[in-house]
Amino acid sequence: MRASSVPQPDPAPHPRRRTVLAGAAVVAASASVLPAAGTAAAARRPAKTQPHRWRTAAIGGTGFVTGILFHPAVRGLAYARTDIGGAYRWDDRGARWTALTDHIGWDDWNLLGVEAMAVDRSHPDRLYLALGTYTQAYASPGAVLRSEDRGATWKRADLTVRLGANEDGRGCGERLLVDPRDSETLWLGTRHDGLLRSTDRGATWAADVSFPAAASATGQGVTVLVAAGRTVYAGWGDGGTALYRTNSSGGWEAVPGQPSAGAATRVPVRAAYDAGSRALYVTYADGPGPNNQADGSVHRLDTVKGTWTEVTPVAPGDGDAFGYGGVATGARPGTVVVSTNNRWGAVDTLFRSTDGGSSWTSLKDTAVLDVSETPYLKWGGEPKFGWWIQAVALDPYDSRHVVYGTGATIFGTRDLVHWAPEIRGLEESSVRQLIAPPSGARLLSGLGDIGVMYHDSLTASPSRGMASNPVFGTATGLALAASKPSYVVRTGWPSGSDSAGAWSRDGGASWQPFASQPAIAPSAPGPVAVSADGATLLWSFVHWDGTKYAAHRSTDGGATWAEVATYPKGGTPVADPLDPRRFYVYDTDTGTVFLSTDKGASFAAGATGLPSGDVQFRLAAAPGRSGDLWLSAKDDGLLRSTDGGRTFAAVDGCQASYALGFGKAAPAKGRAGYPAVFQTGRVSSTYDGVAVLRSDDAGATWVRINDDDHRWGWTGEVVTGDPRVHGRVYLGTNGRGIQYADPK
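Residues numbered from 1 in each chain as written. Predicted model: local features only at pLDDT ≥ 70, side-chain atom pairs only at ≥ 80, totals over all residues. Heavy atoms only, no water.

## Some details on the overall build of the protein chain
As a reminder of what qualifies: Secondary structure elements are taken from DSSP: a helix is a run of H or I of four residues or more, a strand is a run of E of two residues or more, and numbering for both begins at the N terminus. Using C-alpha atoms as the atom set, the radius of gyration is obtained and then compared with a globule rule of 2.2 Å times the number of residues to the power 0.38. Type-normalised accessible area, obtained with a 1.4 Å probe on protein chains alone, sets the label of each residue: buried when under 20%, exposed when over 50%, and partly exposed for intermediate values. Residue contacts are counted whenever heavy atoms from the two residues lie within 4.5 Å of one another. Where accessible areas are quoted, they stem from the Shrake-Rupley method and a 1.4 Å probe; at the residue level, only the protein chains shown are allowed to cover.
Scanning the protein chain for helices and strands turns up zero helices and 57 strands. For the protein chain, whose C-alpha radius of gyration is 26 Å, the value lies close to the compact-globule estimate of 27 Å for 744 residues. Taken over the C-alpha atoms alone, the protein chain extends approximately 80 × 55 × 45 Å along its principal axes. Expressed as a percentage of its 744 residues, the buried residues of the protein chain come to 60%. Intrachain contacts of the protein chain at a sequence separation of at least 6 include 53% that bridge at least 24 residues. Counting every atom, the protein chain has about 26100 Å² of accessible surface; 49% of that belongs to carbon and sulfur.

So, in structure tokens, the structure goes:
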């Protein structure tokens, strides 16, 4: 579910900024060759690497699928794109998706969002991706990847313009197209820099100065590119003429007679061509979506006669406001499917026609949904047909095989009645918290948009679905009592109630809401900690806009709460793993660690003068020890305290540390070893770049445990080991779910 999929806070040091050349986007001078699905790296020191087998923990989707594309000439071949989680290829025989962009590394985190994709009908193995998540100045410019082997390996061309795969309009498209007249020529529609054209299969790009629409620094720009026969059509989302086409002189012209019904035809969202009837179908809305649409329509262009016909299934109106989104045509002439979007009252649907739009049937009305493979889609109640439906596709070899993307999954049918997720292998969670308990669940996870999960298996979606009673949107806190691990607490943004916190006495298998909560909790739920014995709770409060509020403490399981005046507002509480009297909190505003030795009733300053100014600096306590603290301070390195936070010393050789966790110690003869330490960071003597690292000697030496094929963009939120299996690691990503690995 990406019901509030918004840009995450800037997750890394800003990539090198480049000036956007308005109206003159030219590719960067060099194009990278990416061998074996991995980016070509600059020359590095020999890496100290231990090979691992990396896998993705199964949940099933969980994010916005913004595009689905069947190859028109290859049975069973399809591709999907997501707003923050990369692109995928469908394996029809295995009935699963294969990730194609996991090689994208730390410095290129902005390229994990896929703005558009294209295939070449005449060359079935060719695939093109337009990458770029945000158009803001802090984000790097976009890039185009091109493949000759269906995404197994890539060549890359860097752009000087930014793309917006996780911004408004991300469900429009496709914005990338192979010219139907010439496979060497590609078109790329941008949001703020007009239309780009490549004549060398995507290796270099230049602005198409003949395109008549004027680019805007704040607009949607080109929303869709589609081929109808040998003619290319381009949708424009910034007002005025909404639809253009190529002409015989090689330039562009406004499409004659196009609809002009005000808000209902303001933004062309999607388009699909029916070659059998030579008809072009266009869906419109009053905004690009996926939110804030209240009007829309569907129109058909007879490309031979040049006549337009409105074929809107149901007109939006008072009490039933929505736009239209996806559109797809089938192999049989006159077969077309369209989707509504942002229809929260009556709930979105797909309409299907077999007579060119003269009559329609709502597929939702007879749909039988089976979400047994991904139980979280019940949302604590009953499954929904979908929302944010802007990606719809029809199998060109099976007119009854319809698939559509939602804010959480891909639903598919083979008989137009029975629908089930076709999502296996596609994982898009934005992971916020991970706990590997010593018993019970294999893993507990706190996620963006879908709350908390109890993973009884790593290879199947959690059987209990998302944690309920209460249901959360985004999880903000997850903690267990170290000496009583069956006691777990969680906090998060309420969904369907005002309850922002809950507790469990069976390791997270079932939940009860706190009997009471501070008044600020529903509007600013923050992180939570629980003492080693489970007797004391500390709850911090931070609004989504960054405003910090006083922390509160409970000693009766959440029945009553009291403000802690000496606790630094907004800080993340950390419980001592052994001593239930001790808590720690790092004040990122001042670079001070505050300590409590009275069960969180009061706090006093410990170490001072530490790195400050970044809310993503993180404090972690080593398990099985009291007062052994590690501080990940991003580019200020890694620091450690062995005296309960009174003093800290830098960990030698670690230039950067973003997230840190612990796992089972390496086997040691005759003594208990120090817990394995995992981090996302940079230790140049091991690998001259940000990597996933493990140390079995308390940070004295490190080994890289990921590789150039497994990087997943930004991975600076959370990492942890497993207390039961030495070497196993769980890594949270921002759009590629939970990655886990064991040494080979």
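There is more to say after this.
## A short note on the environment of Arg89
Basically, it comes down to this: Contacts described as polar in this section are N or O atom pairs within 3.5 Å, which, within protein, must combine one atom able to donate a hydrogen with one able to accept it, while residues neighboring in sequence count only if both atoms come from side chains.
For Arg89, the location among the structural elements is in strand 5 (residues 87-91). C-alpha of Arg89 to C-alpha of Gly173: the two residues are 84 residues apart in sequence and 18 Å apart in space. Residues in contact with Arg89, not counting those within four places in the same chain, are Leu77, Ala78, Tyr79, Arg96, Trp97, Thr98, Leu100, Arg150, Gly151 and Ala152. In this structure the side chain of Arg89 is engaged in a polar contact, spanning 2.5 Å, whose partner is the backbone oxygen of Arg150.

## So, the layout of surface pockets
Stated formally: Both cavities and pockets are sets of points on a 1 Å grid over the protein atoms alone; in a cavity a 1.4 Å probe fits but cannot get out, in a pocket the set is open with protein on both sides within 12 Å along at least five of seven lines, and lining residues sit with an atom within 4 Å of a point. Grid points are joined across faces, edges and corners, and a volume is the space filled by probe spheres set on the points.
Estimated volume of the second largest pocket: approximately 1200 Å³. What lines the second largest pocket is a set of 43 residues, and nearest its centre among them are Leu69, Pro72, Arg121, Ala227 and Tyr273. Of all the secondary structure elements, the ones that give two or more residues to the lining of the second largest pocket are strand 3 (65-70), strand 7 (114-120), strand 11 (176-178), strand 15 (222-228), strand 19 (267-274), strand 23 (323-329) and strand 28 (391-395).

## What about the sheet that holds strand 57 (residues 738-743)?
Short version of the rule: Any two strands between which DSSP finds at least two bridges are classified as paired. Helix axes are fitted only over the stretch in contact, all axes being lines through C-alpha atoms; the angle between N-to-C directions runs from 0 to 180 degrees.
Overall, antiparallel pairing links the four strands, which are arranged 2-57-56-55 in an open sheet. Each having just a single partner strand, strand 2 (52-56) and strand 55 (719-721) make up the two edges of the open sheet. When strand polarity is set aside, the average angle formed by the axes of neighbouring strands in this sheet is 20°. Relative to strand 57, strand 56 (residues 729-732) is paired through four bridges, and the arrangement is antiparallel. When the sheet's bridge partners are listed, Val729 is paired in strand 57 with Ala741.

## Notes on the pattern of salt bridges
Our working definition: Salt bridges, as used here, are contacts in which a Lys or Arg side-chain nitrogen is within 4 Å of a carboxyl oxygen on Asp or Glu.
The tally for this structure, following the rule as stated, stands at 33 salt bridges. Arg156 is paired through a salt bridge with Asp158; the nearest N and O atoms lie 2.7 Å apart. Using a relative accessible area of 12% as the deciding quantity, one classes Arg156 as buried. Of the charged contacts in the structure, one is a salt bridge between Glu174 and Arg270, with a shortest N-O distance of 3.5 Å.

## Examining the nonpolar core
Quick reminder of the rule: By nonpolar core is meant a set of buried Ala, Val, Leu, Ile, Met, Phe, Trp, Tyr and Cys residues that side-chain atoms within 4.5 Å join together.
Core analysis: the biggest nonpolar cluster contains 37 residues, and Leu350, Tyr376, Trp379, Tyr404, Trp419, Ile450 and Ile738 have the highest contact counts within it. Those elements that provide at least two residues to this core are strand 28, strand 29 (398-405), strand 32 (431-435), strand 33 (443-447) and strand 57. Within the second largest apolar cluster, 17 residues are counted, among which are Leu100, Leu111, Leu127 and Leu145.

## Quick notes on the environment of Ala87
Locating Ala87 in the fold gives a position in strand 5. Relative accessible area serves as the criterion here: at 1%, Ala87 is assigned to the buried category. Through-space distance from the C-alpha of Ala87 to that of Ala620 is 34 Å; in sequence the pair is 533 residues apart. If we skip the residues at most four places from it in the chain, Ala87 touches Ala80, Arg81, Thr98, Ala99, Leu100, Thr101, Val114 and Leu129.

## Describing the pairing of strand 25 (residues 350-353)
Of the two faces of strand 25, the one lined by Leu350 and Arg352 and the one lined by Phe351 and Ser353 are each fully buried. The sheet contact formed by strand 24 (residues 336-341) and strand 25 spans four bridges and is antiparallel. The partner of Val338 across the bridge, within strand 25, is Phe351. In this sheet, strand 26 (residues 361-362) lies alongside strand 25 in antiparallel orientation, the contact comprising two bridges. By the bridge assignment for strand 26, Arg352 is matched with Thr361.

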